[in-house]
Amino acid sequence: MSQGPRSGLYAVSSALLAMSRHLEVRDVLKTIVASARELLDAQYAALGVPDDHGGFAQFVVDGVSDAQWKAIGPLPRQHGILAAMLHEARPERLADVRKDPRFEGWPAAHPDMSDFLGLPIRDGDEVIGALFLANKNRTKENQKDRSAPDGGCGFTEDDQELLTILAQHAAIALTNARLYERSRELTIAEERSRLAHELHDAVSQKLFSLRLTAQAAAALVDRDPARAKGELHQVAMLAAEATEELRAAVIELRPAALDEDGLVATLRTQIQVLDRAHSARVTFAGHGVRALPAAQEEAMLRVAQEALHNALRHSGAGRVDVTLEKRGTGTVLRVSDDGSGFEPTAVRAAGRHLGLVSMRDRSSGVGGTLSVESAPGKGTTIEMEVPGG
C-alpha cells in the first residue's frame, strides 16, 4: 500500500476505531473524511451524502479552510464525476480530473485539483455517499508535473484498495449513526407524547376546578358577596396554577437546541425562561466546559429539567442554582435549591415522586453517576457527573 505518513495496519486500525467512536452522523462523516485524507496522504478529501433532489443533504470536506469553504458557495449538485460515482456506483481514479470529459468546472474560490480517487459508499445495493480524495502528496522521487499528460495518477491501485476497505467500514459506521439518530428521534417522540398526556391530565383537572369554582362564585354573588369574593380569589389561584402548568409543559415540549447551540447555551436559555416564569430566583453558571458527546448532553439536559421541575413545583424553593463545570477529567451538573428538602431514609418513596429513578437511569446510560443530598428544611442538591468535557 502507499507509503504515507501513517501507512500500514496500524493506520487502518486507527481510522476504523476513530469511526466507531462517534454516534452522530455529522461526526461520523467528518471522521471518515479526515481518516481517508490522512491515511492516503492527500491534500483534499470530501464526502457527500446525496438527497433525492439532485443535490447533497450533507457534504463534508477536509483540507479546506472554513473561510475558503464559505467562499466556494452553495453545496455542489450531483453532476460530473460525483454523479458518476453515485449513479454508476464505480470507483474513479484519474490522472487529471480537469481533463475528464465529464468535468464541468468549479466555482472561482474552489482549490485546484488534479489527480483524483473517488468511490461510492454502499449499504447493500444502496449508494449512501460518495468519498473522494484529490492531489496526492508525492515524494521528490516520484514528483511530476500534475498537468503533464504522461504524469500519471498519484493514487495507486493499492490506494484504491485501501480506500475501498475504508469505505466498506464507513458504510457500517454511517448506517449505525443513522440508526442511532432515528432511535433518538423515536425516544424524543415518546417523551413528547408522555408529556402531552401529563399536560392534558394536569391542565384538564385545573380547568375543571376553575369552572366549578367560577360557577359557585356566580351563584353566590347576589346572596353572599363575601363568599363570592373568596371563590373568585380561588379562581385567580387556580388560573395561576394552570398557567404555571402550561409554562412548564411548553418548556419541556420545546425541542432543545442542543445540535445548534450546545448544552451550555441551551441550559442558559431555558433557565432564563424559568427565572422569568417563576417567583423563585433561578440562576445558571457554566465554567470551562467543552462540547460533550450528544448523548451525554441530552441526558444532562433532561436531568437538569427534571431537577428544576422538582425544585420549582414541589420544594417551595425561593432560589435554585444550576452550575455546569469541569471537575478533574469529568463534567459536573449541579442543581441546588433552598426548598423543603426530604428525609434521605425515605428515598424510595421520594425517588418515585421526584423522578430520581429516571434521573439515575439517564445518568448511568451515558456512563455517568448521580448523587442526591437532601434533608428536611435544608434544601436539595442533585449532581450528575459524566466523563469528558
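What you are looking at is a predicted structure, and each value in this text was computed from that prediction instead of being measured. (Residues numbered from 1 in each chain as written. Predicted model: local features only at pLDDT ≥ 70, side-chain atom pairs only at ≥ 80, totals over all residues. Heavy atoms only, no water.)

Comments concerning the environment of Ser336
Selection rule: Strands here are runs of E lasting at least two residues and helices are runs of H or I lasting at least four, both read from the DSSP assignment and numbered beginning at the N terminus. N or O atoms within 3.5 Å of each other form a polar contact, as long as, within protein, one can give a hydrogen and the other can take it, and as long as residues adjacent in sequence are counted only when both atoms are side-chain atoms.
You can see Ser336 is positioned in strand β8 (residues 330-337). Taking C-alpha positions, Ser336 is 9.9 Å from Val372, a pair spaced 36 residues apart along the chain. Engagement of the side chain of Ser336 in a polar contact is seen with the side chain of Thr381, the distance being 3.1 Å.

Some points on the packing of aromatic side chains
Quick reminder of the rule: Aromatic pairs are defined between Phe, Tyr and Trp rings, using the six-membered ring for Trp, whenever the two ring centres lie within 6.5 Å; interplanar angles under 30 degrees are classed as stacked, those over 60 as edge-to-face, and all others as tilted. Exposure classes here rest on a 1.4 Å probe applied to the protein chains alone. A residue is buried below 20% of its type maximum, exposed above 50%, and partly exposed in between.
Inspection of every chain in the model, using the stated rule, returns 5 aromatic pairs. Between Phe56 and Phe59, the ring centres sit 5.2 Å apart and the planes meet at 70°, which makes this aromatic pair edge-to-face. Phe59 shares its class with Phe56; the two are buried. Taking 6.0 Å as the distance between ring centres and 5° as the angle between the ring planes, the aromatic pair formed by Phe59 and Trp69 counts as stacked. Note that Phe59 is positioned in strand β2 (residues 56-62) and Trp69 in helix α3 (residues 66-72), a separation of 10 residues in sequence. These aromatic residues form a ring-pair network of at least three members: Phe56, Phe59, Trp69, Phe116 and Phe132.

With respect to the sheet that holds strand β3 (residues 92-94)
What counts here: Think of it this way: DSSP has to see at least two bridges between two strands before they count as a pair. Between N-to-C directions, angles cover 0 to 180 degrees, with each direction set by a line fitted to C-alpha atoms, over the stretch in contact for helices. Here a residue-residue contact requires only that any non-hydrogen atoms of the pair lie within 4.5 Å.
The sheet built from 5 strands is open, its strands ordered β2-β1-β5-β4-β3 with antiparallel pairing. Bordering the open sheet on either side are β2 and β3, each of which pairs with just one other strand. For this sheet, the mean inter-axis angle between neighbouring strands, taken without regard to orientation, is 15°. Judged from the 8 bridges that link them, strand β4 (residues 116-123) and strand β5 (residues 126-136) form a sheet pairing that is antiparallel. Following the sheet pairing, Gly118 is matched in β5 by Phe132. Running at roughly 40° to β2, helix α2 (residues 25-39) makes contact with β1 (42-50), β2 and β5 of the sheet. Those strands touched by helix α4 (residues 80-87) are β1, β2, β3, β4 and β5, and its axis lies near 140° from that of β5.

So, unusual backbone geometry
Glycine aside, the phi torsion of most residues is negative, and most peptide linkages are trans. Not every positive phi belongs to a glycine, and Asp41 is a case in point at roughly 55°. Take Asp41: it is sitting in the loop between α2 and β1. With a relative accessible area of 21%, Asp41 lands in the partly exposed category. Unlike most non-glycine residues, Asn135 shows phi in positive territory, near 60°. Inspection of the secondary structure assignment puts Asn135 in strand β5.

Notes on the side chain of Glu92
Along the polypeptide, Glu92 turns up in strand β3. The buried category is assigned to Glu92, whose relative accessible area is 5%. For Glu92, the side chain forms a polar contact with the side chain of Arg102, separated by 2.9 Å. Beyond its immediate stretch of four places on either side in the chain, Glu92 contacts Ile81, Ala84, Met85, Arg102, Phe116, Leu117 and Gly118.

With respect to the pairing of β2
As paired elements, β1 and β2 share 6 bridges and run antiparallel to each other. Within β2, the residue paired with Ala45 across the bridge is Asp62. The turn linking β1 back onto β2 is made up of 5 residues, and Gly54 within it adopts a positive phi angle of 85°.

Remarks on the sheet that holds strand β9 (residues 369-374)
Sheet architecture is open: 5 strands sit in the order β6-β7-β8-β10-β9, paired in mixed fashion. What marks the edges here is a single partner per strand, and that holds for β6 (281-287) and β9. The sheet shows a mean angle of 10° between the axes of neighbouring strands, direction not considered. In terms of strand pairing, β6 meets strand β7 (residues 319-327) through 7 bridges, oriented parallel. Paired with His287 across the bridge in β7 is Glu325. Taken strand by strand, helix α10 (residues 356-365) contacts β9 and β10 (380-387), and its axis lies near 150° from that of β9.

Looking at the nonpolar core
Formally: Definition of nonpolar core: a set of buried residues of the types Ala, Val, Leu, Ile, Met, Phe, Trp, Tyr and Cys, connected through side-chain atoms within 4.5 Å.
If you look at the biggest cluster of nonpolar residues, it comprises 33 residues, and the most contacted ones within it are Leu267, Leu333 and Met384. Taken together, the elements giving at least two residues each to this core come down to α7 (258-277), β6, α8 (294-313), β7, β8, α10 and β10. In terms of residue count, the dominant contributor to this core is α8 (9 residues). Not counting chain neighbours up to four residues away, the residues in contact with Leu333 comprise Leu267, Met300, Val303, Ala304, Val322, Thr323, Leu324, Ile382, Glu383 and Met384. Ala36, Ala42, Val60 and Ala167 belong to the second-largest nonpolar core, a separate cluster that totals 29 residues.

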